[in-house]
Amino acid sequence: MIELEDISYSYGKGPDLLSGVSLSLSPGGFYFLTGPSGAGKSTFLKLCYGELIAPKGTVSLFGRDVRDMTRDDIARLRRRIGVVHQDCQFVDHLSVTENIAMPITAAGQDPGAATRDIKELLAWIGLSAKADALPPHLSGGERQRVALARAVIMSPDVIIADEPTGNVDWEMSLRLMRLLTELNRMGKTIVLATHDLTLIRTMKQQVSARVLRIKDSRVALAGADL
Amino acid sequence: MKVTRFGIFTVLIGDRRADRVVPPSRGMARLTEFSAAAMAFLAVFAIALSSATGRLADRWASELARTATIRISAPPGQVEEQTRRVLEVLATTPGVGSARALTAEEQRALLEPWFGPDLPIAALPVPQLVEVVETGAGFDSDGLQLRLRGEAPGAILDDHTRWRRPLVQAADRLRWLGFFVMGLISLTTGAIITLAAQAAMAANEKVIRTLRLVGARDVFIARAFVRRFTVRTFLGACIGTGLGVGVMSLLPPGDADQGFLTGFGFSGTDWLLPLLVPPLAAAVAFWSTRIAALRRLKGLT
Ligand SMILES: Nc1ncnc2c1ncn2[C@@H]1O[C@H](COP(=O)(O)OP(=O)(O)OP(=O)(O)O)[C@@H](O)[C@H]1O
Ligand SMILES: [Mg+2]
């Protein structure tokens, strides 16, 4: 589903942030991605959904090399990959509801048909009262929850979330994780970057999650030492 | 360029959802409307110029399609011979429709008002007159004069239409000047809209990134900007055209028989021409924004 082969990546002329990364994320898997701050977690995720394109090595998404894709192809691909960006990224002058519906709008479909789904999602993430608020008026944790709701609204095959629980309390973290495990049970692939080892340990008791760790510019499966 | 589900019609009737993804900017909207209004106002005058000078050129040109006269003054014995030669020359002159020598009766009729009916015309050294009818294109009177001098030294071309031809040319050129000005106005409008669209894209780079993140294609993003600028330009152009036509209607009415200045303006169905300005302006805005937006999106990765 997401395959990386001998990927190296660096920003500008700097040293390789990632080098020689070969990895295959299989459909229906639940992956945690961890590593120290600045190790390249966000960078790795961006390579996985085609926001960044590696100069060396190949990334293929759904069986296609990203380098062979046009911008339109990548746009269509994003509809199959829901993304929670580390700094969320909203359209600031549109309401929370409109932002959650944005993937539907961008796909040229009528967001009106998804009104109920959006209401249910808002209730689940505890933000029913903020349906009409503007993103700049939300707290950090609220923004992350809205971003997660937007990532899952189209029911994409893959959900890539960069620190979606970084700013929310423990209880809300578990609630968001339940949403993701639920989607994982439906067959969706989940890739989730987090620093929070406690969260990973707790979740590993509930789903068969694999943990990828970035260390010394390599990405490797972590063993039982977590 | 492919125009799928993205025609100018779609843009005008709507897809407000696409429009809303770009934050509204009051200042930008006002500036666009004002520029479009000013350009449309000027366009109305350029159209009026073209239309008025066009009418003038047509009228003068039709007056030109008249006759010229050749006078042949020669010693009595040579008049007939020279007349024959003049007619020969005329028969081979491009631009001459027909030519014929006036009969003695016709000449007498012409002179009657001055000399009375009993004039013994045959006994007097009255010049023989040849009437020349031009074709639409007209003849080269200098060339004809030269050839006549060689063939019939007594023949003088009395070209009373000559002074008008430069006027017709001038009117024609003014008409083209009008078209040229219209072209300039369109290009300037396009340039203004392009700059405005580029500025709008630059100001909304974050929105564009967000839209990309959630799977928006370039055309979707471009459409938001295109719709906004097309609608603004159309509205502005409507206002400018309305004002322009209003001012034109206050000018004294043009009469076909009067001079150039009083004839400036529209007459008859020409009044419908300014109706073309707002759709034309909208089309210019549509294409400039579309090209500017798609080009910029191509550069943004
Ligand atoms: N656009 C960029 N241009 C230049 N350098 C960058 C850019 N984005 C990230 N970096 C650098 O690359 C390194 C890895 O960044 P990245 O965001 O991938 O780390 P991360 O593992 O996600 O960190 P965190 O846990 O703090 O989110 C950092 O040192 C960062 O400064
Ligand atoms: Mg990060």
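Coordinates for the structure precede this section.
Criteria and cut-off values
Residues numbered from 1 in each chain as written. Chains lettered and ligands numbered in written order. Predicted model: local features only at pLDDT ≥ 70, side-chain atom pairs only at ≥ 80, totals over all residues. Heavy atoms only, no water. Helix = DSSP H or I, 4+ residues; strand = E, 2+ residues; numbered from the N terminus. Buried < 20%, exposed > 50% of the residue type's maximum accessible area, 1.4 Å probe, protein only. Contact = heavy atoms within 4.5 Å. Areas by Shrake-Rupley, 256 points an atom, 1.4 Å probe, with all protein chains shown as cover. Phe/Tyr/Trp six-rings, centres within 6.5 Å; stacked < 30°, edge-to-face > 60°. Lys NZ or Arg CZ within 6 Å of the ring centre and 35° of its normal. Axes fitted to C-alpha atoms, helices over the stretch in contact; angles between N-to-C directions. Parallel < 35°, antiparallel > 145°, perpendicular 65-115°, else oblique. Left-handed = near helix turned anticlockwise from the far one by under 90°. Near = heavy atom within 4 Å. Polar contact = N/O pair within 3.5 Å; in protein donor to acceptor, adjacent residues only side chain to side chain. Nonpolar A, V, L, I, M, F, W, Y, C, P; charged D, E, K, R; others polar. Expected span 1.5 Å × (residues − 1). Donors = N, O, S within 2.8 Å, 3.2 Å for Na, K, Ca; no water. Pairing = 2+ DSSP bridges. Buried area = accessible area lost by both parts, 1.4 Å probe. Salt bridge = Lys/Arg side-chain N within 4 Å of Asp/Glu carboxyl O.

Side note on the overall build of chain B
Then step 1. For chain B, the count of helices and strands is 11 helices and four strands.
Then step 2. Residues counted as buried form 41% of the 301 residues belonging to chain B.
Then step 3. Restricting to contacts in chain B with at least 6 residues of sequence separation, those with at least 24 account for 84%.
Then step 4. Total accessible area on chain B is roughly 16200 Å²; 64% of this is exposed by carbon and sulfur atoms.

Remarks on the packing of aromatic side chains
Then step 1. Tallying each qualifying case throughout the model produces five aromatic pairs over all chains.
Then step 2. The interplanar angle of 40 degrees and the centroid separation of 5.3 Å between the aromatic rings of Phe-30 of chain A and Phe-32 of chain A together place this pair among those described as tilted. Neither residue differs from the other here; Phe-30 of chain A and Phe-32 of chain A are each classed as buried.
Then step 3. Aromatic side chains Phe-286 of chain B and Trp-287 of chain B sit 5.1 Å apart centroid to centroid with 90 degrees between the ring planes, which places their arrangement in the edge-to-face category.
Then step 4. Against the face of Phe-62 of chain A rests Arg-80 of chain A, its NZ or CZ located 3.8 Å from the ring centre.

Some details on the packing of helix 7 (residues 170-185) of chain A against helix 8 (residues 197-204) of chain A
All names here are of chain A.
Then step 1. It is the contact of helix 7 with helix 8, at a shortest axis distance of 12 Å, that shows an interaxial angle of 45 degrees. Here helix 7 is positioned oblique relative to helix 8, judged by the angle of their axes. Note on packing geometry: the crossing formed by helix 7 with helix 8 is right-handed. Here Trp-170, Ser-173, Leu-174, Met-177 and Thr-181 of helix 7 lie close against helix 8, whose contacting residues are Thr-198, Leu-199, Thr-202 and Met-203.

Quick notes on the site of ligand 1
Residue and element names in this part refer to chain A.
Then step 1. Neighbouring ligand 1 are 13 residues; Ser-37, Lys-41, Ser-42, Thr-43 and Gln-86 lie closest to it.
Then step 2. Gly-38 is positioned such that a nitrogen or oxygen atom in its backbone is 2.8 Å from an oxygen atom of ligand 1.
Then step 3. Summarising the interface, the protein chains cover 57% of the accessible area of ligand 1, which totals 630 Å² for the free molecule.
Then step 4. Here the residues of the shell around ligand 1 sort into four nonpolar, seven polar and two charged.

So, helix 6 (residues 140-152) of chain A
Each α-helix winds once per 3.6 residues, and so residues spaced three or four apart point in a common direction.
Residues and elements named next belong to chain A.
Then step 1. For helix 6, spanning 13 residues, the distance from its first C-alpha to its last is 19 Å, which sits close to the expected 18 Å at 1.5 Å a residue.
Then step 2. With 11 of 13 residues buried, helix 6 is to be regarded as a mostly interior element.
Then step 3. For helix 6, the set of buried residues is Gly-141, Glu-142, Gln-144, Arg-145, Val-146, Ala-147, Leu-148, Ala-149, Arg-150, Ala-151 and Val-152.

Regarding the coordination of the magnesium ion (ligand 2)
Tetrahedral coordination by four donors places them ideally at 109.5 degrees to one another around the metal; octahedral coordination by six donors ideally gives 90 or 180 degrees.
Residues and elements named next belong to chain A.
Then step 1. In the first shell of the magnesium ion (ligand 2), the protein supplies Ser-42 (OG) and Gln-86 (OE1), at 1.9 to 2.1 Å from the metal. Of the two residues, Ser-42 sits in helix 1 (residues 41-48) while Gln-86 sits in the loop between strand 6 (81-84) and helix 3 (96-100), which places them 44 residues apart along the sequence.
Then step 2. Residue classification places Ser-42 among the buried positions, given a relative accessible area of 18%.

Regarding the sheet that holds strand 4 (residues 56-61) of chain A
All names here are of chain A.
Then step 1. Overall, antiparallel pairing links the four strands, which are arranged 2-1-4-5 in an open sheet. The open sheet has two edge strands, strand 2 (18-25) and strand 5 (64-65), and neither has a second partner.
Then step 2. Bridging between strand 1 (residues 2-9) and strand 2 involves five bridges; their strand directions are antiparallel. Across the sheet, Glu-3 pairs through a bridge with Ser-24, a residue of strand 2.
Then step 3. Across the sheet, helix 1 touches strand 1, strand 2 and strand 4, and the angle it forms with strand 1 is around 130 degrees.

As for the side chain of Ser-19 of chain A
All names here are of chain A.
Then step 1. By the element assignment, Ser-19 lies in strand 2.
Then step 2. On the basis of relative accessible area, Ser-19 is assigned to the buried category, the value being 15%.
Then step 3. Non-local contacts of Ser-19, meaning those with residues more than four positions away in its chain, are made with Ile-7, Ser-8, Ser-217 and Arg-218.

A short note on the interface of chain A and chain B
Many authors give the size of an interface as the accessible area that is lost as the parts come together.
Then step 1. The partner chain B presents 22 residues to the 26 residues of chain A that form the contact.
Then step 2. Carbon and sulfur atoms supply 56% of the area that chain A and chain B bury against each other, a total of about 2100 Å² over both sides.
Then step 3. Looking at the side of chain A facing chain B, the largest losses of area belong to Arg-71, Gln-89 and His-93 of chain A, adding up to 28% of the total buried there.
Then step 4. Run the count over chain A and chain B and you get four salt bridges.
Then step 5. Here Lys-206 of chain B makes a salt bridge to Asp-92 of chain A, at a shortest N to O gap of 3.0 Å.
Then step 6. Our enumeration of links across chain A and chain B arrives at eight residue pairs in polar contact (both at pLDDT 80 or more).
Then step 7. Partitioning the side of chain A that touches chain B into residue classes produces 11 nonpolar, five polar and 10 charged.

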